[in-house]
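Residue-level listing of the chains:
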Amino acid sequence: MSGYEKLLAPIQIGTHTWKNRIAKGPSSTLFWGPDQFCNDRVIGTFEAIAKGGAGAVILGACISDDPAMLICKDGTSGFTVSDYPFGGLYDDKFIPGMAKLADAIHSHGCEIIAQIFQNGSALKTEGGSWGPSDIPEAELPSPVPYCFPVRGVSLEEIEAFKARYIDAAERAKKAGLDGVEVHAANGYFIMSFTSRIWNKRNDEYGCQTLENRTRLACELIAGIKERCGEDFIVGVRMNGQEFGHPLATTMEESAEFAKLYERAGADYISVTGYGYGDCPFQYADDYWMYPKADPDMQPYLPRLEGSGLLVPLAANVKAAGVQVPVFGIGSLTPEKAEAAIGAGDMDLALFARGLWADPDMANKLAAGHPEDVRRCNHCATCDAEHPGVVKRCRVNPAFGRERELEAKLAEKKKRVLVVGGGAAGLEAARVAAERGHEVTLAEKESMLALELKLATMVKGTTCEDVPALITWLETQAAKTPGLTIKTKTEVTPDYVRKMAPDVVIVATGGEYGTPAVPGIEGKNVSTVPQLTKMAKTPLKI
């Protein structure tokens with residue numbers, strides 16, 4: 001028994017059976033090549049998750065609109081047409097690359113879904129960002145650059161958009177993907193029709209009824225089903241609740257939306273949430289409580305003691321009587337996901353950054369080794385979404401370079417000395433030993449990961465989960481064959497000469513700079529080295 005029987009049980013999605021209830025959530029890697037083509041980096045990233053045992057991969061943010069229609073000609077969109085960093089489905093030229101990706105995913109018994117989205121107010125667009133109604137900057141629910149002024153689209157533009165969208169879904173099918181997800185969530189175009197914040201229309205797509213608010217999404221679901229057939233999965237992603245605005249969509253409204261999506265033909269309902277305000281949490285629910293929750297979010301603080309901010313939204317949709325599978329998300333751990341599925345709060349768990357942190361999560365759980373799962377720290381390192389800035393992961397150096405940094409057995413075994421038992425030293429020692437080398441790690445203090453433990457003291461654990469990284473590093477160091485740990489061991493030139501290793505890795509950390517700002521010498525200011533020195537004794541306790 002693994003202890004994760006619910007999470008590892010198969011699930012029926014439409015006419016398909018997924019081997020477990022662990023799926024890659026549709027967060028965007030931004031790894032797509034120039035002009036939105038699939039490339040080896042995208043394939044390597046998602047194949048690692050498939051190989052790691054996930055039941056399905058949902059590609060975040062594939063596009064049905066040519067960026068040339070959207071990107072501002074004066075360069076103020078933040079992207080060029082070429083470097084717009086999402087997966088293309090707006091032309092047949094993308095089918096071969098997507099087919100190569102689908103083949104790689106399928107080779108590991110995993111299915112693949114393409115989420116199709118349109119930015120709406122999230123992208124500064126030539127002629128005005130797209131939405132149901134005109135919204136000037138003064139009336140935006142969040143300030144620029146979180147969203148941009150919107151122009152209301154015409155009925156003719158809605159019809160043209162639907163045609164492009166359904167064509168994109170058909171291309172996904174031609175490429176061999178198993179289905180698509182209609183992205184009617186977060187702050188994007190399709191969602192904006194469901195929200196009273198954005199939708200001021202008076203026609204059949206207006207806010208007069210729940211049916212009108214969901215009409216666009218329902219027409220897309222039904223249109224794709226008609227074009228691609230019943231065996232092609234069509235899911236929908238929706239906001240189970242909006243936060244931070246008096247006209248925000250309520251949980252009661254969202255439950256009714258879900259019923260309408262199911263009636264339109266959706267094979268699953270994926271439930272998330274979205275926040276507005278001066279500093280909105282948007283699509284990431286990790287940081288809204290730090291350093292202090294905004295007044296409108298304070299009533300939701302008790303959710304942190306349970307399953308988190310977003311799982312209750314999926315539970316609400318389940319409780320409304322929806323019969324198709326309901327997907328949940330929101331800073332999930334395997335333990336929270338197992339409990340939520342067991343309680344009937346959701347049917348499948350979406351791990352977005354959790355599977356970036358450890359693409360092998362599912363296999364490790366199935367093998368009965370949850371201690372080996374490298375946990376997401378919710379540190380926001382991967383939340384960079386700017387041209388030229390490559391997403392990284394604090395805990396998984398191989399993220400986005402899975403093929404390049406795959407730990408293969410070395411051709412020649414060597415004796416390796418790693419100097420320093422912090423995060424870098426522990427990781428270097430683990431990987432070297434995993435490659436078959438004989439490794440000794442020497443740390444002059446009596447404990448490992450001293451400064452990570454200091455970081456935990458300073459930051460706490462409400463937002464970032466640094467202790468999860470400490471535990472993982474120490475656990476792996478203790479159980480990795482070929483790795484010897486020596487604390488209270490200062491490495492000197494004589495020590496190295498006596499040991500005579502083939503390789504020395506110096507991982508003693510960098511020097512922290514001190515900014516030249518007024519008051520930096522004051523008694524109320526402490527530098528990292530000073531804090532480390534003061535914290536040594538309590539950390540040992």
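Residues numbered from 1 in each chain as written. Predicted model: local features only at pLDDT ≥ 70, side-chain atom pairs only at ≥ 80, totals over all residues. Heavy atoms only, no water.

A closer look at the environment of Val153
Phase 1 of the analysis: With respect to the secondary-structure elements, Val153 resides in the loop between β8 (150–152) and α3 (155–174).
Phase 2 of the analysis: A relative accessible area of 6% places Val153 in the buried class. (Helix = DSSP H or I, 4+ residues; strand = E, 2+ residues; numbered from the N terminus. Buried < 20%, exposed > 50% of the residue type's maximum accessible area, 1.4 Å probe, protein only.)

Structural notes on unusual backbone geometry
Phase 1 of the analysis: For the bond from Val144 to Pro145, the omega torsion is 15 degrees, close enough to zero to count as cis.
Phase 2 of the analysis: Positionally, Pro145 belongs in the loop between β7 (129–131) and β8.
Phase 3 of the analysis: Of note in this structure, Asn186 is not a glycine but carries a positive phi near 55 degrees.
Phase 4 of the analysis: Residue position: Asn186 is located in the loop between β9 (179–184) and α4 (189–194).
Phase 5 of the analysis: Phi at His378 is positive, roughly 60 degrees, even though this residue is not glycine.

With respect to the pattern of salt bridges
Any two side chains of opposite charge can pair, given that their charged atoms come close.
Phase 1 of the analysis: With the rule as written, the count across this model stands at 27 salt bridges.
Phase 2 of the analysis: Of the charged contacts in the structure, one is a salt bridge between Asp267 and Lys225, with a shortest N-O distance of 2.6 Å. Linking Asp267 in the loop between α7 (251–264) and β11 (268–275) with Lys225 in helix α6 (residues 215–228), this pair joins segments that are 42 residues apart in sequence.
Phase 3 of the analysis: The class of Lys225 is buried, set by a relative accessible area of 6%.
Phase 4 of the analysis: Salt-bridge contacts for Glu434 lead to Arg430; the nearest nitrogen and oxygen are separated by 2.8 Å. Of this pair, Glu434 and Arg430 both sit in helix α12 (residues 423–434), 4 residues apart, which is roughly one turn of the helix.
Phase 5 of the analysis: Glu434 gets classed as partly exposed once you look at its relative accessible area, which sits at 42%.
Phase 6 of the analysis: Salt bridges linked by common partners bring Glu159, Lys162 and Glu219 together as one network. (Salt bridge = Lys/Arg side-chain N within 4 Å of Asp/Glu carboxyl O.)

Examining the pairing of strand β4 (residues 56–63)
Phase 1 of the analysis: Extensive coverage of β4 is indicated by the burial of 8 of its 8 residues.
Phase 2 of the analysis: Bridging between β4 and strand β6 (residues 111–117) involves 6 bridges; their strand directions are parallel. Paired with Ile58 across the bridge in β6 is Ile113.
Phase 3 of the analysis: Pairing of β4 with strand β5 (residues 87–88), which is carried by 2 bridges, proceeds in the parallel orientation. Residue pairing across strands places Cys62 opposite Gly87, the latter belonging to β5. (Pairing = 2+ DSSP bridges.)

Re the packing of aromatic side chains
Phase 1 of the analysis: Considering all chains together, one arrives at 18 aromatic pairs under this definition.
Phase 2 of the analysis: Taking the centre distance of 5.0 Å and the plane angle of 80 degrees together, the rings of Phe161 and Phe189 count as edge-to-face. Of the two residues, Phe161 sits in helix α3 while Phe189 sits in helix α4, which places them 28 residues apart along the sequence. This pair shows no difference in class: Phe161 is buried, exactly as Phe189 is.
Phase 3 of the analysis: Here the aromatic cluster, defined as three or more aromatic residues joined through ring pairs, consists of Trp130, Phe161, Tyr165, Phe189, Phe193 and Tyr205.
Phase 4 of the analysis: The ring centre of Phe31 lies 4.4 Å from the NZ or CZ of Arg41, which sits over that ring. (Phe/Tyr/Trp six-rings, centres within 6.5 Å; stacked < 30°, edge-to-face > 60°. Lys NZ or Arg CZ within 6 Å of the ring centre and 35° of its normal.)

The values reported here are purely geometric and, on their own, carry no functional implication.
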